[in-house]
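# Observations on chain architecture
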Amino acid sequence: LKAQIGFGIHFGNDFFQHLSNEEDRPDYSNASSILVAPSVGPKVYAGNPNWSISLQTAVGISPFSWDWSEYKGLGNLFLPSSIAVNFGGLSGFAEDEASWGFSAGFGYVLGMTDLYFRDDEIRGEGGQLIGAPFLKAAIGFGAKGTSVSWYVRYGQNSGSARFFSTGIALDINFIQRRNYR
């Protein structure tokens with residue numbers, strides 16, 4: 001099989017997300033969110049219908065996240081970027097028949113908690129940017145350059161900032177989809 005190149009878009013929604021600040025920043029919250037944390041961004045593929053390598057980045061907002069133990073503000077902004085090896089239906093090049101697949105990779109997330117409706121304690125300060133490397137895994141199915149998957153991401157940096165999320169993604173490889181119009 002010949003190698004192919006693809007370009008597309010990634011849509012995601014974290015059904016649960018937790019983003020914690022470093023321990024030396026107790027003035028900012030460790031925010032969690034359920035159900036609503038959409039993200040969108042570009043995705044580049046290289047591979048074939050059996051496997052591929054992909055590079056993706058996204059920008060997302062979790063508008064209703066807050067620290068469930070102590071309110072300090074509302075909302076998270078997150079920017080995950082990752083590289084992954086994808087197999088089967090998640091390769092981005094799956095052909096006519098839908099097939100199951102899985103994906104594994106690693107990346108880096110930048111995040112910011114307490115975007116708005118801040119507590120008086122941090123209202124006048126700028127945002128606290130958090131960065132953490134993460135591992136990710138996904139399982140799903142796809143066909144004709146489109147895939148749907150369930151993913152899990154977890155990471156922690158040396159300053160104890162943590163990132164965890166799980167949700168659903170829709171990935172569309174525009175170049176592969178052209179073959180089916």
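Not measured: the values here are computed from a predicted model.

Turning our attention to empty space enclosed by the protein. To locate leftover empty space, one rolls a probe as large as a water molecule over the atoms. Throughout the structure, instances matching the rule amount to one cavity of 30 Å³ or more. Reported here for the largest cavity is a volume of approximately 130 Å³.

Okay, the nonpolar core next. Formed by Leu19, Ala37, Phe78, Val109, Ile130, Ala132, Phe134, Ala161 and Phe163, the largest nonpolar core amounts to nine residues. Take this core: its biggest share by element is three residues, from strand β8 (residues 129–143).

For strand β4 (residues 51–57) and strand β6 (residues 74–88), the ladder comprises seven bridges, and the chain directions are antiparallel. When the bridges of β6 are listed, isoleucine 53 appears paired with valine 85. Summarising the sheet, β6 and strand β7 (residues 99–116) pair through 14 bridges and their orientation is antiparallel. Note that in β7 the partner of phenylalanine 78 across the bridge is glycine 111.

What follows is about the packing of aromatic side chains. A complete count under the given rule lists six aromatic pairs for this structure. Aromatic side chains phenylalanine 15 and tryptophan 150 sit 5.6 Å apart centroid to centroid with 25° between the ring planes, which places their arrangement in the stacked category. Here phenylalanine 15, found in strand β1 (residues 4–20), pairs with tryptophan 150, found in strand β9 (residues 146–156); they are 135 residues apart in sequence, far enough to count as distant. Assessed through its relative accessible area of 39%, tryptophan 150 is described here as partly exposed. The ring of phenylalanine 134 has arginine 153 lying over it, and the distance from NZ or CZ to the ring centre is 6.0 Å.

Along the polypeptide, valine 148 turns up in strand β9. Distance in space between the C-alpha atoms of valine 148 and alanine 138 is 9.7 Å, their sequence separation being ten residues. In this structure, valine 148 is in contact with Leu90, Gly140, Phe141, Ile168, Ala169 and Leu170, ignoring residues within four places of it in sequence.

The phi dihedral of leucine 35 falls on the positive side, at around 75°, and the residue is not glycine. Within the secondary structure, leucine 35 is located in the loop between β2 (31–34) and β3 (38–47). Positive phi values are uncommon outside glycine, yet lysine 144 reaches one of about 55°. Structurally, lysine 144 is set in the loop between β8 and β9.

Further remarks concern the pattern of salt bridges. Summed over all chains, the structure comprises two salt bridges. For aspartate 171, the salt bridge identified is with lysine 43, shortest N-O distance 3.4 Å. With aspartate 171 in strand β10 (residues 162–173) and lysine 43 in strand β3, this pair connects stretches of sequence that are 128 residues apart. Classification of lysine 43 as buried rests on a relative accessible area of 5%.

What counts as what
Residues numbered from 1 in each chain as written. Predicted model: local features only at pLDDT ≥ 70, side-chain atom pairs only at ≥ 80, totals over all residues. Heavy atoms only, no water. 1 Å grid on protein atoms, 1.4 Å probe; cavity = no way out; pocket = protein on both sides within 12 Å on 5 of 7 lines; lining within 4 Å. Points joined across faces, edges and corners; volume = space filled by probe spheres on them. Core = buried A, V, L, I, M, F, W, Y, C linked by side-chain atoms within 4.5 Å. Buried < 20%, exposed > 50% of the residue type's maximum accessible area, 1.4 Å probe, protein only. Helix = DSSP H or I, 4+ residues; strand = E, 2+ residues; numbered from the N terminus. Pairing = 2+ DSSP bridges. Phe/Tyr/Trp six-rings, centres within 6.5 Å; stacked < 30°, edge-to-face > 60°. Lys NZ or Arg CZ within 6 Å of the ring centre and 35° of its normal. Contact = heavy atoms within 4.5 Å. Salt bridge = Lys/Arg side-chain N within 4 Å of Asp/Glu carboxyl O.

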